[in-house]
Amino acid sequence: MDFSLSEDQRTLVAMLRRFIEEKLAPLEETVEREGRLAPEVARDLFEQSKALGFYAMNIPEEFGGGGLSTVDMMLAEEQFGRTTDILIRRSFGNVYEVLLKCVGPQVERWLKPATRGERTCSIAITEPEAGSDAASIRTAATRAGGGWVLDGKKHFISDGLFSDFFVVSAVTDPSAGGRGISLFLVDRDRKGVTIGRDQPMMGLRGTSHVELFFDRVELDDQCLLGEPGRGLGYALDTLGRVRLGQVGARAVGKATKILDLAVGQARERRQFGKAIGEFQLIQKMIADSVIEINAARLLLWNAAAAIDAGRDARALIAMVKVNASETLGRVADRAVQIFGGMGFSRDLPIERYYRDARVYRIFDGTTEIHTAGIARAALKSGGALYDPVEAV
Ligand SMILES: Cc1cc2nc3c(=O)[nH]c(=O)nc-3n(C[C@H](O)[C@H](O)[C@H](O)COP(=O)(O)OP(=O)(O)OC[C@H]3O[C@@H](n4cnc5c(N)ncnc54)[C@H](O)[C@@H]3O)c2cc1C
């Protein structure tokens, strides 16, 4: 078993790290202060990143993307985690793999423009009354003529102010429960689509999170993504790799960056005539963070390798989601402690990292929901989840 990186992988990581440190990190404080990324700066970042081949690296080359394997994409996503959400979105794209369900004319209408960065997309599943229980949504699409009519509302939709279209979950067969939900591609300029409030959040400044309202929105047949009734299944399958990257890998990258700062502080800050890193209670916080980050990364690579090998990785992805997000929370909390008052002060970015870290345990399925899923899988399959001899 060899966990070392190849030369190509090292080059990818080094180039991304340099781009993030030189181009993105200097913008973070301005975005935090102003709550937005200026459109001309966003455009410039996009062009620079695209020229280096960093945009939509997760999408296969045949559709214009970078065609990275899951393992390589996770290496990239870990680096993305070292900066903020909005800077990642504008520089590297959030081209959701659910768009790979596009067929025929849908490819030119939605998938390829998204991959080229000409149109951006948000995923709209959550509703005020249906969060963890995604099967209980009320948004519905009914057959009308040769198409559909969409009615309902969504909330907390990331990047909604900027997005050109939305992948929306809607009930198409009310008698079939979770099997009666479909996904639709909904352009923002369709009559009856209203972008509501930008819902203020604890962190992730610069990214909008909006309410969406659909009032008798007429959709042609092409707007149905995949087969009717399979929407929840698609969301589970294709959003799995997104969850692994955008939550798991980014959490590992963020935790690594935060720990770098905490270690630096423990070396430099002197109290009682010593560097605080010489106190065992501080050392314990550092050692626990080192162990947990390494464990989280190995779990991440294991799940990524399982996907690349074509194995069912759903439970592995859930483990990464829980482990990496909880690790990030603990590492960020310890960093605040190691920095003391300066960790709480807005004069340093530590408090911002702490706020931004909190949502990792909530979005894309909460810790509790994924934990319950892991337990269900273990009770069903026994050792296959935790014994390599029995793993399939
Ligand atoms: C910043 C941000 C960005 C987001 N972006 C998007 C987006 O782009 N698109 C989108 O569709 N959604 C998005 N969401 C929504 C997000 O996915 C949901 O918030 C999340 O799935 C939880 O749903 P909820 O908020 O309704 O909480 P609830 O489902 O109401 O849960 C509340 C609490 O109850 C617990 N709970 C619920 N059911 C169970 C159970 N069966 N067992 C044990 N505990 C349970 C939960 O774990 C949680 O602790 C975003 C949310 C945030 C905060």
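What you see is a predicted model, and the numbers here were worked out from it, not measured in a lab. (Residues numbered from 1 in each chain as written. Predicted model: local features only at pLDDT ≥ 70, side-chain atom pairs only at ≥ 80, totals over all residues.)

## Focus on the site of the ligand
- As a matter of local geometry, the ligand sits amid 22 residues, with Thr126, Gly131, Ser132, Thr366 and Glu368 nearest to it.
- Listing elements by their share of the shell around the ligand, those giving two or more residues are strand S1 (121-124), strand S3 (147-158) and helix H12 (367-381).
- When the residues that make up the shell around the ligand are grouped by side-chain class, the tally is 12 nonpolar, eight polar and two charged.
- Of the domains in this structure, domain 2 (121-229) and domain 3 (232-385) are the two that each give at least three residues to the shell around the ligand. (Near = placed C-beta within 6 Å. Helix = DSSP H or I, 4+ residues; strand = E, 2+ residues; numbered from the N terminus. Nonpolar A, V, L, I, M, F, W, Y, C, P; charged D, E, K, R; others polar. Domains from an automatic or database assignment.)

## With respect to the environment of Gly180
- Relative to the helices and strands, Gly180 is located in the loop between strand S4 (165-171) and strand S5 (181-187).
- Sequence-wise, Gly180 and Ala235 are 55 residues apart; in three dimensions their C-alpha atoms are separated by 13 Å.

## Some details on unusual backbone geometry
- Positioned with a positive phi, Leu204 is a non-glycine residue whose angle comes to about 55°.
- Classification of Leu204 by C-beta neighbours within 10 Å gives partly exposed; the count is 18. (Buried ≥ 20, exposed ≤ 12 C-beta atoms within 10 Å, placed from the backbone.)

## Some details on the nonpolar core
- Ranked by internal contacts, the top residues of the largest apolar core, which has 102 residues, are Leu150, Val167, Phe184, Val186, Leu300 and Ala303.
- Residues contacting Phe184, with those up to four places away along its chain left out, are Ala141, Trp148, Leu150, Val168, Ala170, Leu219, Cys223, Leu224 and Leu225. (Core = buried A, V, L, I, M, F, W, Y, C linked by C-beta atoms within 7 Å. Contact = placed C-beta atoms within 7 Å.)

## Let's talk about helix H4 (residues 70-80)
- For H4, the tally of buried residues reaches 10 of 11 residues, placing the bulk of the element in the interior.
- What H4 keeps buried is the set Thr70, Asp72, Met73, Met74, Leu75, Ala76, Glu77, Glu78, Gln79 and Phe80.

## Some details on the packing of H4 against helix H7 (residues 231-268)
- Between H4 and H7, whose axes approach to 7 Å, the crossing angle comes to 45°. When the interaxial angle is binned, H4 and H7 end up oblique. Classified by chirality, the crossing of H7 by H4 is right-handed. Seen from H4, the contacting residues are Thr70, Met73, Met74, Glu77, Glu78, Gln79 and Phe80; seen from H7, they are Arg241, Leu244, Gly245, Gln246, Ala249, Arg250, Val252 and Gly253.
- When its residues are assigned to classes, the contact of H4 with H7 shows six nonpolar, five polar and four charged. (Axes fitted to C-alpha atoms, helices over the stretch in contact; angles between N-to-C directions. Parallel < 35°, antiparallel > 145°, perpendicular 65-115°, else oblique. Left-handed = near helix turned anticlockwise from the far one by under 90°.)

## As for the packing of helix H1 (residues 7-24) against H4
- With their axes 9 Å apart at the nearest point, H1 and H4 run at an angle of 25° to one another. Taken together, the axis directions place H1 and H4 in an arrangement best described as roughly parallel. Read as a crossing pair, H1 and H4 show a hand that is right-handed. Contact residues: H1 offers Gln9, Leu12, Val13, Leu16, Arg17 and Ile20, while H4 offers Asp72, Leu75, Ala76 and Gln79.
- Counted by class, the contact of H1 with H4 contains six nonpolar, two polar and two charged residues.

## Concerning the pairing of S4
- The buried fraction of S4 is high, at seven of seven residues.
- Burial of the side chains of S4 extends over both faces: Phe165, Val167, Ser169 and Val171 are buried on one face and Phe166, Val168 and Ala170 on the other.
- Strand direction decides the pairing type here: S1 and S4, joined by four bridges, are parallel. By the bridge assignment for S4, Ile123 is matched with Val167.
- The pairing of S4 with S5 spans seven bridges and is antiparallel. Each residue of the ladder has a partner; that of Phe165, found in S5, is Asp187. (Pairing = 2+ DSSP bridges.)

## Some words on the environment of Arg243
- Mapped onto the elements of the fold, Arg243 is located in helix H7.
- In this structure the C-alpha to C-alpha distance between Arg243 and Ile317, which are 74 residues apart in sequence, comes to 7.4 Å.
- With sequence-adjacent residues up to four places away left out, Arg243 is seen in contact with Gly248, Ile317, Lys321 and Asp364.

## Focus on the environment of Gly206
- Position of Gly206 among the secondary structure elements: in the loop between strand S6 (193-198) and strand S7 (209-219).
- Separated by 180 residues in the primary sequence, Gly206 and Pro26 have C-alpha atoms spaced 15 Å apart.

## A short note on the domain arrangement of the protein chain
- One can read the domain layout of the protein chain as domain 1 (7-116), domain 2 (121-229) and domain 3 (232-385).
- On the side of domain 2, 14 residues touch domain 1, which itself brings 20 residues to the contact.
- Per element, the largest residue contribution to the side of domain 1 that touches domain 2 is five residues, and it comes from helix H6 (residues 105-116).
- Considering only residue class, the side of domain 1 that touches domain 2 consists of 10 nonpolar, four polar and six charged.

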